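Single-letter residue listing:
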Amino acid sequence: MTAAEPPTRSAPPPPQRLPGDRPGAFPTPEEPANGRTDPGSTAGALGFDLLAEVARPEADPCDLACAAAPGYAVGDLSAPEAVWLLGHTATCGYCAGEVGGYRRVATALDRLADVLVTKPAPRFRCETCRAGFGRVASPLGELFVAATEAGVCEVGFAVYESEDAFRARLEARGLTPERDQAAIGAVAGELGEYFAGHRDRFETPLDFSGVTPFTRSVLNATAEVPFGQLRTYRDIATQLGNPGATRAVGNALGRNPIPVIVPCHRIVRSDHSLGGYTGGVGIKERLLSLEGAYLGSA
Ligand SMILES: [Zn+2]
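Residues numbered from 1 in each chain as written. Predicted model: local features only at pLDDT ≥ 70, side-chain atom pairs only at ≥ 80, totals over all residues.

(A) A look at the overall build of the protein. In terms of regular secondary structure, the protein is built from eleven helices and six strands. For the protein, the proportion of its 298 residues judged to be buried stands at 40%. (Helix = DSSP H or I, 4+ residues; strand = E, 2+ residues; numbered from the N terminus. Buried ≥ 20, exposed ≤ 12 C-beta atoms within 10 Å, placed from the backbone.)

(B) Structural view of helix α7 (residues 185-195). Taken together, the buried positions of α7 are occupied by Val187, Ala188, Leu191 and Tyr194. Buried residues of α7, viewed axially, fall in a sector of 120 degrees; they line one side. Of the surrounding elements, those touching the buried residues of α7 are β1 (130-136), β2 (143-147) and β3 (152-157). In the segment just after α7, Gly197 is the residue with positive phi, at about 80 degrees. (Arc of directions from axis to C-beta. Contact = placed C-beta atoms within 7 Å.)

(C) Molecular detail of helix α6 (residues 163-172). Looking only at α6, the buried set comprises Phe166, Arg167 and Leu170. Considered in projection along α6, the buried side chains sweep an arc of 100 degrees and stay on one side of the axis. Facing away from the buried surface of α6 by more than 90 degrees, the exposed residues are Asp164, Ala165 and Ala168. Where α6 is buried, its residues touch β1, β2, β3 and β4 (176-179). Directly after α6, the chain includes Gly174, whose backbone phi takes a positive value near 80 degrees.

(D) Just the packing of helix α3 (residues 61-73) against helix α4 (residues 79-91), in detail. Packing of α3 against α4 brings their axes to within 10 Å, and their N-to-C directions diverge by 125 degrees. The angle between α3 and α4 falls in the class oblique. Once α3 is placed against α4, the crossing between them reads as left-handed. Two secondary-structure elements touch here, α3 through Pro61, Ala65, Ala68 and Tyr72 and α4 through Glu81, Ala82, Leu85, His88 and Thr89. (Axes fitted to C-alpha atoms, helices over the stretch in contact; angles between N-to-C directions. Parallel < 35°, antiparallel > 145°, perpendicular 65-115°, else oblique. Left-handed = near helix turned anticlockwise from the far one by under 90°.)

(E) Seen up close, the packing of helix α8 (residues 213-223) against helix α10 (residues 246-254). The interhelical angle for the contact between α8 and α10, taken along N-to-C directions, is 85 degrees, at an axis separation of 9 Å. As judged from the angle between their axes, α8 and α10 are roughly perpendicular. Mapping the contact onto sequence places Phe214, Thr215, Val218 and Thr222 in α8 and Ala248, Val249, Ala252 and Leu253 in α10.

(F) Fine view of unusual backbone geometry. Its identity is not glycine, yet Val260 carries a phi of approximately 75 degrees, on the positive side. Val260 gets classed as buried once you count the C-beta atoms within 10 Å, which come to 22.

(G) Seen up close, the sheet that holds β3. Across the sheet, which stays open at both edges, the four strands sit in the order β3-β2-β1-β4 with mixed pairing between neighbours. Of all the strands in the sheet, the pair left with one neighbour each is β3 and β4. Between one strand axis and the next, the sheet turns through 25 degrees on average, direction left out of account. Relative to β3, β2 runs antiparallel, the two sharing five bridges. Residue pairing for β3: Val145 is matched across the bridge by Val155. The strands touched by α6 within the sheet are β1, β2, β3 and β4, with β3 carrying the most contacts at an inclination of about 155 degrees. (Pairing = 2+ DSSP bridges.)

(H) Examining the environment of Ala221 more closely. On the secondary structure map, Ala221 appears in helix α8. The class for Ala221 is buried, based on 20 C-beta atoms found within 10 Å. Ala221 sits 15 residues away from Ile236 along the chain, and the two C-alpha atoms are 6.7 Å apart. For Ala221, the contacting residues outside a window of four places in its chain are Ile236, Gln239 and Leu240.

(I) Local environment of the environment of Gln229. Structurally, Gln229 is set in the loop between α8 and β5 (231-232). Residues Gln229 and Ala293, 64 residues apart in the sequence, show an inter-C-alpha distance of 6.1 Å. Excluding residues within four positions of it along the chain, Gln229 makes contact with Arg266 and Ala293.

(J) Structural context of the pairing of β1. Most of β1 is tucked away, with five of its seven residues classed as buried. Pairing geometry for β1 and β4, over four bridges, is parallel. The residue bridging Ala131 from the neighbouring strand is Pro177, located in β4. Where β1 meets β2, five bridges bridge the pair, whose relative direction is antiparallel. Among the inter-strand pairings, Gly132 is bridged to a residue of β2, identified as Ala147. The hairpin turn running from β1 into β2, its antiparallel successor, is six residues long, and Gly141 in that turn takes a positive phi close to 90 degrees.

And the structure:
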């Protein structure tokens, strides 16, 4: 094969981000792969140094692109590697087709993993498992806060989701939502103190019922990160004994039912870029700034 494309290699268009793709699954130049952000150590994930190979005069870019395609599909390429691959597939229909095929497989596996691992089993609605909820004012706009008898179970941002959507989340956990400001009185007080800068840890009990064991372990580890400090997705994965699980940690934090109180905003990418945040990365920035945390300190 040479860089000049034979006529048979020109059909499919370059891959586009698909609606079902999860952040981090397919890095773009602006969004490096989860935990794969330091260009100095890229040889590990692919098993070879893609950019060094590309630079060799005798290199066949199509061979290299096809060799890198599976790693790209599962989010293992560094940002510079992904940039090179996307540049190649923009002009090479054959390799674009190869990358697209691997991406479809990776997406299907992700969805399967969601069904097998991360979705709580369907459960009967518990009519007595009542979740009282109400609104709490904050510098981030109103929060929805819900609590069962066991503790705070859900927090939502009104700027991000409607009250109906928040209620639906409670129902999906088998809870019966009921407007009840008194049920959240204690946690509303703690949130008020936190946002006023007078509280650096929450004491209110938390209710993780209906949360899968892996997600619960991620949330518990995250809850231990002190006020104003940062950890990386990889730190949390390592703490849980599985340093390779950075992506699973990111996905679990994306399902954090109790943001702010379980401080997933303190978890950032290995290159100290913010990573994602349900409700928008602006909220993550505001929370970190309120805590005086600086991204350089992870
Ligand atoms: Zn090619």
